[in-house]
Number of protein chains: 2
Amino acid sequence: MAKEITARSENYSQWYNDIVRKAGLADNSPVKGCMIVKPHGFAIWEKMKAALDSDFKRTGHVNAYFPLFIPKSFLSKEAQHVEGFAKECAVVTHHRLMNDVNGNGVVVDPSAKLEEELIVRPTSETIIWDTYRNWIQSYRDLPLLINQWANVVRWEMRTRAFLRTTEFLWQEGHTAHATREEAVAEADLIHEIYARFAEDVMAMPVIKGKKTANERFAGAEETLTIEALMQDGKALQAGTSHFLGQNFARAFDVKYLNDSNKEEYVWATSWGVSTRLVGGLIMTHADDDGLILPPKLAPIQVAIIPIPKPNDEIDHVASKIKSELEELDISVVYDSDAKKRPGFKFAEHEMKGVPIRIGIGKRDLEQNQIEIARRDTKEKKLIPLDKGVGYIQNLLDEMQSDIFNKARTYRDDHITMADNMESFKEIIEDKGGFVYAHWDGTTESELKIKELTKATIRCIPNDMDSDKGSCILTGEPSSKRVLFAKAY
Amino acid sequence: MAKEITARSENYSQWYNDIVRKAGLADNSPVKGCMIVKPHGFAIWEKMKAALDSDFKRTGHVNAYFPLFIPKSFLSKEAQHVEGFAKECAVVTHHRLMNDVNGNGVVVDPSAKLEEELIVRPTSETIIWDTYRNWIQSYRDLPLLINQWANVVRWEMRTRAFLRTTEFLWQEGHTAHATREEAVAEADLIHEIYARFAEDVMAMPVIKGKKTANERFAGAEETLTIEALMQDGKALQAGTSHFLGQNFARAFDVKYLNDSNKEEYVWATSWGVSTRLVGGLIMTHADDDGLILPPKLAPIQVAIIPIPKPNDEIDHVASKIKSELEELDISVVYDSDAKKRPGFKFAEHEMKGVPIRIGIGKRDLEQNQIEIARRDTKEKKLIPLDKGVGYIQNLLDEMQSDIFNKARTYRDDHITMADNMESFKEIIEDKGGFVYAHWDGTTESELKIKELTKATIRCIPNDMDSDKGSCILTGEPSSKRVLFAKAY
């Protein structure tokens, strides 16, 4: 089975597509650019959702649901937003089909044309702020801390499963505050939640920082981002949190009476992560034999496989281990299908990234032991039967941090400092990865560097000490390095 | 606050709208027919989802996600399906907007017309069965037991929050089986899951049965339904499970090799419940003072209110009770906002349907007691402080079954037998509710009765003994009564 996967070294992009397909994560659909999220892929997304949703709720946020459709006119209300979002999107113009008079199935009923076209939401700031106008009168109505889990559509020309699809699933938070300080603090809080989730749950190391003006969300005053490094040396923007200032409140006339009875515009944030994270997870951890899942996101954490075939004794031992593990909230399957050979099952669970495999064989049982294999390092150990469950419980924790550490080492090995354009170009082209370099702070230089090298400024990192230098392009003074990379 | 609600006796429909609005369940949106599900309404839906999702998973189903859009041509592939679903729906014809040359915001880019129009899914049988063709080759690939949680769109002329909206949220299960028997058993299993969920979790009594040919899902061979009775004597179809035979397999050419290596069409089911259930919940239990929630679906089960104002001692007692209840997985708020009067808080929690209210007053505390009030009966009791938590734990269970029993009594009081057309009409017009009557089994009579009385056959009930009689319309012989009602 693993043989069907193209090696990363041979064709990285094909490797990615192979994993997506063979691990049962997603499938192409008959609708251009839209993917089908298959059960294994969806189960991973469900685990991501559950972890994030609990973080959001723990910090006082509530979920709601706003309409899929946005009246066309809404998109033009915030000047920058329209430039960023009102272009490539799905437009609903009619609300009825009718039988073709020539008997060729159904056709659009021309008499059912909408007065105003509806846009399938590419993001929901506009319809939500239009609503907040009715929900917010006084400071007592603030803050509003609302999130929604939803599908959104952005018409994309080149799509890749999870990383860039026309329709994708995400959460979008939209909060309203009485003061600038509160809104800034909210954007920071979410930035921190995203970073912790990426590192602690996804085992994916990230660099936190803010976007340059040029890379900001359309309509934001500040965009905070977490940036991860994929195994091909390209960056993935994994989650963004925007401080929107009063831009949407002005555009949709959302004011509140403050405690001195004065009318003021409301302050806003928005923030989101999407099914793109599943793509990031794959490209951070998977290898040439298939998916590798950090235990915290593995829908099945342990697979028990009888060798060569199940019998009464093996069944008994397996179900005992299974129920003991389940009592510790560890998810287990006992793969006892006698029609498949153990080797086939090994490859299948390996492909799907199941963290731990237990082999139970007749001969091992005679010696009161079982074989425990970990997916990440492929290391196998014979463990005494009565120590198995405890060993697995520890191993899952160990794997979670080992997988993170491995990814961090890879990432750190692919961070380079560049002090002039020549070496910058060379690093970007040959080694790839993250490059810290000085930049003069102008959009002009940023775009010129992108034109010359295809590298973009991923962020102005939070954790970067001042370090006087000069812009690699213009030689103008710079007080701090920024993070460059080619990106997805 | 409660004064703002219209009494049921005065205007039932306005009462419903008032509850939806004042209890913070949903709001109108600027998009015709689409509602905004507000945080309290969404939290109830989340609890419904969690309960159902766990039922589905326990019985071997997995979740996946299929595209929002369906190519227009797919809808004409199943002959009956196209009649039922391909009519009032949202049609995407373009994929780009552009700036208006006259500066009037954005307009549809005429050059970005789609070759084939896309339909926003009204239900997903077609796109899913088109996919199953690729996923199913042999009997080893069966059964496929897949569910998705999604939004769907059916263009509706007359909409009402939750009950009938253009966009709604739902789950749709789509299963594929090797034999007719397995598919029939699956449809039955889900029918049973829906009925148990309605009664045990929603505390909403239902009658199980199958639909007449005329009322079946478009493309189904059999539609099983659960029917509930609302407080205005109208029926609500609360969940349907369809045995689809081989109709979709034929339409999308989905065959499998059976174990004797012979090609056969696959057997199918589909089934769904939607946010309509929130409407059903309201109309089953709410009263003229607001929402009443069965404890199993209450996002907040207990509200603690200091009387008249919080002080150190009250704070201390409240947080002790709160943490003890939370340890029992009971959700609690301590509403200590000193700016609001207790009476205002009482009305607010009453409106939102919080099952239990604890009042903690200075004087009561001197006597080591607290006041515990239940929302459904409004009964209040003084309970010794050290017995409070145990009392509440029992009370929640008691309320869950009391609320169900009250609804069942109402329902049973509104079931009438009618033996001729005259009394049938009278009952439907005056008393309303469910009416059991004989029917000759023809669509013609069914439609005629509907025309004369607006009552439809809700189902051919499972639990109805044979009882020879004659059709109330034609006098033709009938062997079993069917269930009639006016319906939502």
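Calculation criteria
- Residues numbered from 1 in each chain as written.
- Chains lettered and ligands numbered in written order.
- Predicted model: local features only at pLDDT ≥ 70, side-chain atom pairs only at ≥ 80, totals over all residues.
- Heavy atoms only, no water.
- Helix = DSSP H or I, 4+ residues; strand = E, 2+ residues; numbered from the N terminus.
- Rg over C-alpha atoms; globule rule 2.2 N^0.38 Å.
- Buried < 20%, exposed > 50% of the residue type's maximum accessible area, 1.4 Å probe, protein only.
- Lys, Arg positive; Asp, Glu negative; His and termini not counted.
- Salt bridge = Lys/Arg side-chain N within 4 Å of Asp/Glu carboxyl O.
- Contact = heavy atoms within 4.5 Å.
- Pairing = 2+ DSSP bridges.
- Axes fitted to C-alpha atoms, helices over the stretch in contact; angles between N-to-C directions.
- Buried area = accessible area lost by both parts, 1.4 Å probe.
- Polar contact = N/O pair within 3.5 Å; in protein donor to acceptor, adjacent residues only side chain to side chain.
- Nonpolar A, V, L, I, M, F, W, Y, C, P; charged D, E, K, R; others polar.
- Least-squares fit on C-alpha atoms with pLDDT ≥ 70 in both.
- Core = buried A, V, L, I, M, F, W, Y, C linked by side-chain atoms within 4.5 Å.
- Phe/Tyr/Trp six-rings, centres within 6.5 Å; stacked < 30°, edge-to-face > 60°.
- Lys NZ or Arg CZ within 6 Å of the ring centre and 35° of its normal.
- pLDDT = per-residue confidence, 0-100.
- Parallel < 35°, antiparallel > 145°, perpendicular 65-115°, else oblique.
- Left-handed = near helix turned anticlockwise from the far one by under 90°.

Draft legend 1. Local environment of the overall build of chain A. The number of helices and strands found in chain A is 14 helices and 27 strands. Compactness check: chain A gives a C-alpha radius of gyration of 26 Å against a globular reference of 23 Å for 488 residues, within 12% of the reference. Here the C-alpha coordinates of chain A stretch approximately 80 × 70 × 55 Å along the principal axes. Relative to its 488 residues, chain A shows a buried fraction of 58%.

Draft legend 2. Broad picture of the side chain of A:Glu186. All names here are of chain A. When you line up the elements, glutamate 186 lands in helix α6 (residues 180-201). Although glutamate 186 is buried, it makes no salt bridge; arginine 58 carries the closest opposite charge, 12 Å away. Excluding residues that lie within four positions of it along the chain, glutamate 186 makes contacts with His61, Leu145, Thr175, His177, Thr269 and Trp271.

Draft legend 3. A look at the sheet that holds strand β4 (residues 69-71) of chain A. The strand order across the open sheet built from 6 strands is β4(A)-β8(A)-β5(A)-β5(B)-β8(B)-β4(B), with neighbouring strands paired in antiparallel fashion. Pairing within the sheet leaves two strands with one partner each, and these edge strands are β4 of chain A together with β4 (69-71) of chain B. Each strand of the sheet is rotated relative to its neighbour by a mean of 45°, with strand direction disregarded.

Draft legend 4. Here's a closer look at the interface of chain B and chain A. Listed as interface residues are 64 residues of chain B and, on the opposing side, 64 residues of chain A. Between chain B and chain A, the buried area comes to about 5200 Å², and carbon and sulfur atoms account for 66% of it. For the chain B face of the interface with chain A, the top three residues by lost area are B:Tyr65, B:His95 and B:Leu97, together amounting to 12%. Taken together, the links from chain B to chain A amount to 4 salt bridges. We note a salt bridge from B:Lys57 to A:Glu46, for which the minimum N-O separation is 3.2 Å. Seen at the junction of chain B and chain A, the total is 30 residue pairs in polar contact (both at pLDDT 80 or more). Here the side of chain B that touches chain A is built from residues that sort into 40 nonpolar, 10 polar and 14 charged. Both strand β5 (residues 91-94) of chain A and strand β5 (residues 91-94) of chain B contribute to a ladder of 3 bridges, which runs antiparallel. Bridge pairing in β5(B) places A:His94 opposite B:Val91.

Draft legend 5. Examining the sheet that holds strand β10 (residues 167-177) of chain A more closely. All names here are of chain A. Overall, mixed pairing links the 11 strands, which are arranged β3-β9-β10-β16-β13-β12-β11-β24-β27-β23-β22 in an open sheet. Unpaired on one side and paired on the other, β3 (62-63) and β22 (415-417) mark the two borders of the sheet. Pairing between β10 and strand β16 (residues 267-274): 8 bridges, direction antiparallel. Note that in β16 the partner of glutamate 172 across the bridge is glycine 272.

Draft legend 6. Fine view of the relation of the copies chain B and chain A. Least-squares fitting of chain B to chain A yields an RMSD of 0.0 Å, with the transformation described by 0.0 Å of translation along the axis and a rotation of 180°. Expressed as a symmetry operation, the mapping of one chain copy onto the other fits a two-fold axis. Rotation axis and chain B: the residue whose C-alpha lies nearest the axis is B:Val92, separated from it by 2.1 Å. Here 100% of the contact residues of chain B are again contact residues in chain A; the copies associate through an equivalent surface.

Draft legend 7. The arrangement of the nonpolar core in detail. Counting residues in hydrophobic clusters, the biggest one holds 94 residues, and the most contacted among them are A:Phe69, A:Trp129, A:Tyr132, B:Phe69, B:Trp129 and B:Tyr132. Setting aside anything within four residues of it in sequence, one finds A:Trp129 in contact with A:Thr175, A:Ala176, A:Phe248, A:Ala249, A:Phe252, A:Val254, A:Val266, A:Trp267 and A:Ala268.

Draft legend 8. Local environment of the packing of aromatic side chains. For the coordinates displayed, the defined rule picks out 25 aromatic pairs over all chains. Measuring from centroid to centroid gives 6.5 Å for B:Phe56 and B:Tyr194, while their planes differ by 70°, and the two rings are edge-to-face. Residue B:Phe56 is found in helix α2 (residues 39-58), and its partner B:Tyr194 is found in helix α6 (residues 180-201); the two are separated by 138 residues along the sequence. Three or more aromatic residues joined by ring pairs make a cluster, and in this case those are A:Trp45, A:Phe56, A:Trp149, A:Tyr194 and A:Trp271. Between the NZ or CZ atom of A:Lys38 and the centre of the ring of B:Trp135, over which it lies, the distance is 4.8 Å. The cationic tip of A:Arg357 hangs over the ring face of A:Phe346; the distance from NZ or CZ to the ring centre is 3.7 Å.

Draft legend 9. How the structure looks around the confidence of the model for chain A. Looking at chain A as a whole, the pLDDT averages 96, with 99% of positions reaching at least 70. Across the whole predicted complex the pTM is 0.97, and at the interface the ipTM reaches 0.96.

Draft legend 10. Focus on the pattern of salt bridges. Here the structure, examined in full by the defined rule, presents 67 salt bridges over all chains. Here A:Glu451 and A:Lys448 are joined by a salt bridge, their closest N and O atoms 3.8 Å apart. Within this pair, A:Glu451 and its partner A:Lys448 are both found in helix α14 (residues 443-453), separated by 3 residues, close to a single helical turn. Residue A:Glu451 is classed as exposed on the basis of its relative accessible area, which comes to 60%. The residue B:Arg216 makes a salt bridge to B:Glu222 at a minimum N-O spacing of 3.9 Å.

Draft legend 11. View of the pairing of strand β9 (residues 144-153) of chain A. Residue and element names in this part refer to chain A. The element β9 is extensively covered by neighbouring structure, given that 10 of its 10 residues are classed as buried. The two faces of β9 match: Leu144, Ile146, Gln148, Ala150 and Val152 on one face and Leu145, Asn147, Trp149, Asn151 and Val153 on the other face are all buried. Judged from the 2 bridges that link them, β3 and β9 form a sheet pairing that is parallel. Its bridge partner being in β9, asparagine 63 is matched across the sheet by asparagine 147. Of the strand pairs in this sheet, β9 and β10 are connected by 10 bridges, and their pairing is antiparallel. By the bridge assignment, asparagine 147 is partnered in β10 with glycine 173.

Draft legend 12. The environment of B:Trp129, seen in detail. On the secondary structure map, B:Trp129 appears in helix α5 (residues 125-135). Residue class for B:Trp129 comes out buried when judged on its relative accessible area of 0%.

Draft legend 13. Up close: the packing of helix α13 (residues 421-431) of chain B against helix α14 (residues 443-453) of chain B. Residues and elements named next belong to chain B. Close contact between α13 and α14 brings their axes to 11 Å; oriented N to C, the two are set at 50°. Accordingly, the angle class assigned to the pair α13 and α14 is oblique. Of the two possible hands of crossing, α13 and α14 adopt the one that is right-handed. Across the interface between the two elements, Met421, Phe424, Lys425 and Ile428 of α13 pack against Ile449, Leu452 and Thr453 of α14.

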